[in-house]
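What follows is the residue order along each chain.
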Amino acid sequence: MSARWQRLVAIARKEVKQLRRDRLTFGMIIGVPLLQILLFGYAIDTDVRDLRAAVADQANTSASRELVRAAEASQLIDVVAVAAGPAQLKGQLDAGDIDIGIFIPPDFERRLQDARPAAQLLINGSDPTIARIAQQLVRLPPPFTNAPAAAGVFEARTYYNPEQRSQVQIVPGLIGVILNLTMVLFTAIAIVRERERGNLELLITTPVRTPELMLGKILPYVLIGLVQVSIILAAGAWLFDVPLRGSPLDLYLAAALFIVATLALGLTISTLAKTQFQAMQLTVFTFLPSILLSGFMFPFHGMPLAARWIGEILPLTHFIRLVRGIAVRGAGLAEMGAELLALSVFTVVMLGLAIARFHKRLD
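Predicted model only: the values in this text are computed from it and were never measured.

## Points about the overall build of the protein chain
Helix and strand counts for the protein chain come out as 15 helices and five strands. By the burial criterion, 47% of the 363 residues in the protein chain qualify as buried. The contacts of the protein chain with a sequence gap of at least 6 include a subset with a gap of at least 24, amounting to 77%. When the accessible area of the protein chain is evaluated, it comes to approximately 18,000 Å², of which 62% is carbon and sulfur surface.

Here you go:
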């Protein structure tokens, strides 16, 4: 073996030994491909079933009840609530409690005999995937065989995004995705950078306490995050004509809470990583499940139950529901209290964990 090859092999051996000592990097080598194959092969499913539905059956006849049973038997919907009428169904759609509302009027059977649509589907069009799947219900046959042939039992009415433009769904979700990446990355390297530059030695000589240090690291990035929100909203409205139907104040308040939650996650990562490279690795490792399990790219209710449980832990899941509810459906924060509570709990837990793990000392 020539001297050149000996030097090359020596460097390669040195790099392998260094990777073996770096347990986090070695874990990422194995963990990232396993995570992706599990997410794409098991958790991601575009064949959505059991969409949440509510029924307002004002006819209350055997035929109307048979229609609801047939709709459930199709496995496209899962009736989770009842309503008094179309106004209440619309309120449940606005709040994000259901994906589809089924309204059966008092003259349901007479409409069937007249060979015209006899019931109405109220569809949450903020997610074009849900709207396309719900259209399959229009082709359901009449609930009894002696009814005249008609175009369909249901008349579909799509709210919020009747044109089913994907930009209306994607652009508000992009606010969360971009904030999730940038905010976590910024703070994930914050403490690590202080340690690598030797600034922690200076902090030891100051009266700054751990909670003050953590909160001080977060505050500047909250403003940066809100600036990013403004840029995305302006670009979405100008380039893609994406509407903002809800209150801008509600949107910024929800964004501020989400920003703090992601910054707290980044701080926790910074207490786990020893180098900035490790901090970036952990950021990527947390970003993949967030973007895939939050409902941004794939329908949330198309995933298995275990994947949905994981998704409910992620802050991006709740913020996407908030931002789409406010921007697309025109809902208010008061109608989505559960999502706000979930983000608040995540923020408190992550901040507490970061403060507990951080030690202001040289070792």
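## A short note on the pairing of strand E3 (residues 100–104)
Burial within E3 is extensive, with five of its five residues counted as buried. With five bridges connecting them, strand E1 (residues 51–57) and E3 associate as parallel partners. When the bridges of E3 are listed, alanine 53 appears paired with isoleucine 100. Sheet topology note: the E3/strand E4 (residues 119–124) ladder contains four bridges and is antiparallel. Residue glycine 101 lies in a different strand from E4, and its bridge partner there is leucine 122.

## Observations concerning the packing of helix H7 (residues 166–188) against helix H8 (residues 190–197)
Two numbers describe how H7 lies on H8: the axes approach to 4 Å, and their chain directions differ by 25°. Taken together, H7 and H8 sit at an angle that is classed as roughly parallel. For the pair H7 and H8, contact is made by Phe186, Thr187 and Ala188 and by Ala190, Ile191 and Val192, respectively. Of the residues assigned to the contact of H7 with H8, the class counts are five nonpolar, one polar and no charged.

## Here's the deal with the pairing of strand E2 (residues 77–82)
Two elements, E1 and E2, share five bridges in a ladder whose sense is parallel. Opposite alanine 53, over in E2, you have valine 79 as the bridge partner. One crossover worth recording links E1 to the parallel E2 by way of helix H3 (residues 62–73), and it is right-handed.

## Things to note about the sheet that holds E3
Here we have five strands laid out as an open sheet, ordered E2-E1-E3-E4-E5, and mixed in their pairing. Only two strands of the sheet have a single partner each, and these edge strands are E2 and strand E5 (154–159). On average, each strand axis in the sheet is tilted by 25° relative to the strand beside it, whichever way the strands run. Strands in contact with H3 are E1, E2, E3, E4 and E5; relative to E2, the strand with the most contacts, it is inclined by about 135°. Its contacts with the sheet place helix H4 (residues 86–95) against E1, E2, E3, E4 and E5, and it is angled at close to 20° to E4.

Calculation criteria
- Residues numbered from 1 in each chain as written.
- Predicted model: local features only at pLDDT ≥ 70, side-chain atom pairs only at ≥ 80, totals over all residues.
- Heavy atoms only, no water.
- Helix = DSSP H or I, 4+ residues; strand = E, 2+ residues; numbered from the N terminus.
- Buried < 20%, exposed > 50% of the residue type's maximum accessible area, 1.4 Å probe, protein only.
- Contact = heavy atoms within 4.5 Å.
- Areas by Shrake-Rupley, 256 points an atom, 1.4 Å probe, with all protein chains shown as cover.
- Pairing = 2+ DSSP bridges.
- Axes fitted to C-alpha atoms, helices over the stretch in contact; angles between N-to-C directions.
- Parallel < 35°, antiparallel > 145°, perpendicular 65-115°, else oblique.
- Nonpolar A, V, L, I, M, F, W, Y, C, P; charged D, E, K, R; others polar.
- Right-handed = clockwise from strand over helix to strand, strands pointing away.

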